[in-house]
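# Structure assessment
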Amino acid sequence: MNNTTSPIKAVASNKQKTIIALKNISKTYHSSNIEIKALADINLDIMPGDYLSISGPSGCGKSTLLSLLGLLDSPSSGEYLIENVDTLNLTMDQQAELRNLHIGFVFQSFNLIDELSIFDNVALPLTYREETLTKSEIEQRVIQALTQVEMEHRKNHKPNQLSGGQQQRVAIARALAGQPSILLVDEPTGNLDSKNGDAVMDILNNLNKQGTTICMVTHDVRYAGHATKQIHLLDGKIIESSNAQDNVTNLSQQAVV
Ligand code: ADP
Ligand code: MG
């Protein structure tokens, strides 16, 4: 889409603004006759350079929250702004455009394509943007992203020739190559042993130090401790939030981080 009057592009270049703002977000699933309140009254701001961890027990709403942040699902009520664009008033196509422009996903299972080389795996999402990126720009971005995760030397290998930790680093490179405003990361070490998990976390920590904004779901309190802001969910509510500079704040209902 090359619509220069697009409300998405009008504000996309302004990096000083809040990247993500959730206001009173709730999500209720309806399956059969049962209502499941997965999220209730979530308020959250994510600023450029933030490193936010989301933790809490299984079923507390972590993945639901990440899906909403990634525009993979819609809330039942509330407001969701990405770089000041009200996402809920957009068409599906506009939402997809906003997602491509701003969001990089990293999943627990690396989701690499076995038949493609490491280079081609990282390049693949960029090839959908061929109208805006030339072949050499794509190549430049892929090499830069692979270098950031220290995997450039393996660009001609296939995913099954790499360890799990290395595959996850390639998945991070694939997300970075899109030059997103924020990386959304769901349990990045869930399928890894502790050595590989630590290596992946080192990469995420370094990326944040270099300015990448990260929102990460993790079960591991050790890894949550690397984040500069932490929120803890229980039964779909933020029950605790903390900032690296401040003491932990306990909240009965919700928190603005
Ligand atoms: P977490 O990632 O913290 O384990 P989830 O966000 O996956 O939690 O789930 C939160 C709650 O919403 C759980 O009770 C779960 O069973 C329910 N849930 C998640 N996805 C769906 C769905 N598609 N349909 C119905 N219920 C769902
Ligand atoms: Mg989950």
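Residues numbered from 1 in each chain as written. Chains lettered and ligands numbered in written order. Predicted model: local features only at pLDDT ≥ 70, side-chain atom pairs only at ≥ 80, totals over all residues. Heavy atoms only, no water.

Short version of the rule: UniProt positions are given in the numbering used here, feature names are shortened, and annotations may be inferred rather than shown by experiment.
You'll find the protein chain entered in an unreviewed UniProt entry as Polyamine-transporting ATPase, with Colwellia psychrerythraea given as the organism. Looking at the protein chain in UniProt, the text filed under Sequence similarities (unreviewed entry) is "Belongs to the ABC transporter superfamily. Macrolide exporter (TC 3.A.1.122) family."

## Looking at the site of ligand 1
Keep this limit in mind: Definition of nearness: a residue and a molecule or strand are near each other if at least one heavy atom of the residue lies within 4 Å of the molecule or strand. Whenever two N or O atoms come within 3.5 Å, that pair is a polar contact, provided that in protein one can donate a hydrogen and the other can accept it, and provided that, for residues adjacent in sequence, both atoms are side-chain atoms. Computed with a 1.4 Å probe, the accessible areas rest on the Shrake-Rupley method; for each residue, only the protein chains presented here act as cover. A run of H or I in DSSP becomes a helix once it reaches four residues, and a run of E becomes a strand once it reaches two; helices and strands are each numbered from the N terminus.
The environment of ligand 1 is made up of Tyr29, Ile36, Ala38, Pro57, Ser58, Gly59, Cys60, Gly61, Lys62, Ser63 and Thr64. A distance of 2.7 Å separates an oxygen atom of ligand 1 from a polar backbone atom of glycine 59. At 3.1 Å from an oxygen atom of ligand 1 is found a main-chain nitrogen or oxygen belonging to glycine 61. For ligand 1, whose free accessible area comes to 560 Å², the fraction covered by protein is 61%. Within the residue set of the shell around ligand 1, elements represented by two or more residues are strand 2 (34-46) and helix 2 (62-69).

## Here's the deal with the nonpolar core
Spelled out, the test is: Residues belong to a common nonpolar core when they are buried Ala, Val, Leu, Ile, Met, Phe, Trp, Tyr or Cys residues joined through side-chain atoms within 4.5 Å. Only protein chains enter the area calculation, which uses a 1.4 Å probe; residues under 20% of their type maximum are buried, those over 50% are exposed, and those in between are partly exposed.
In terms of nonpolar packing, the biggest core is built from 36 residues, with Val142, Ile172, Leu183 and Leu204 touching the most fellow members. Of all the secondary structure elements, the ones that give two or more residues to this core are helix 4 (118-127), helix 5 (135-148), helix 6 (164-177), strand 7 (182-186), helix 7 (194-209) and strand 8 (214-217). In terms of nonpolar packing, the next biggest core, distinct from the first, is built from 30 residues, Ile82, Leu98, Ile103 and Ile231 among them.

## Describing the sheet that holds strand 1 (residues 20-31)
What counts, and what does not: At least two DSSP bridges between two strands are required for those strands to pair. Contacts were defined at the residue level, with two residues in contact if any of their heavy atoms lie within 4.5 Å. A fitted line through C-alpha atoms represents every axis, and for helices the fit uses only the stretch in contact; the resulting angles, taken between N-to-C directions, go from 0 to 180 degrees.
Spatial ordering of the open sheet is given by 2-1-4-5, a layout of four strands whose pairing is antiparallel. The open sheet has two free edges, formed respectively by strand 2 and strand 5 (85-86), since each of these has just one partner strand. Taken together, the nine bridges between strand 1 and strand 2 define a ladder with antiparallel strand orientation. If you follow serine 31 over to strand 2, its bridge partner there is isoleucine 34. Where helix 2 meets the sheet, its contacts fall on strand 1, strand 2 and strand 4 (77-82), and the angle it forms with strand 1 comes to roughly 120 degrees.

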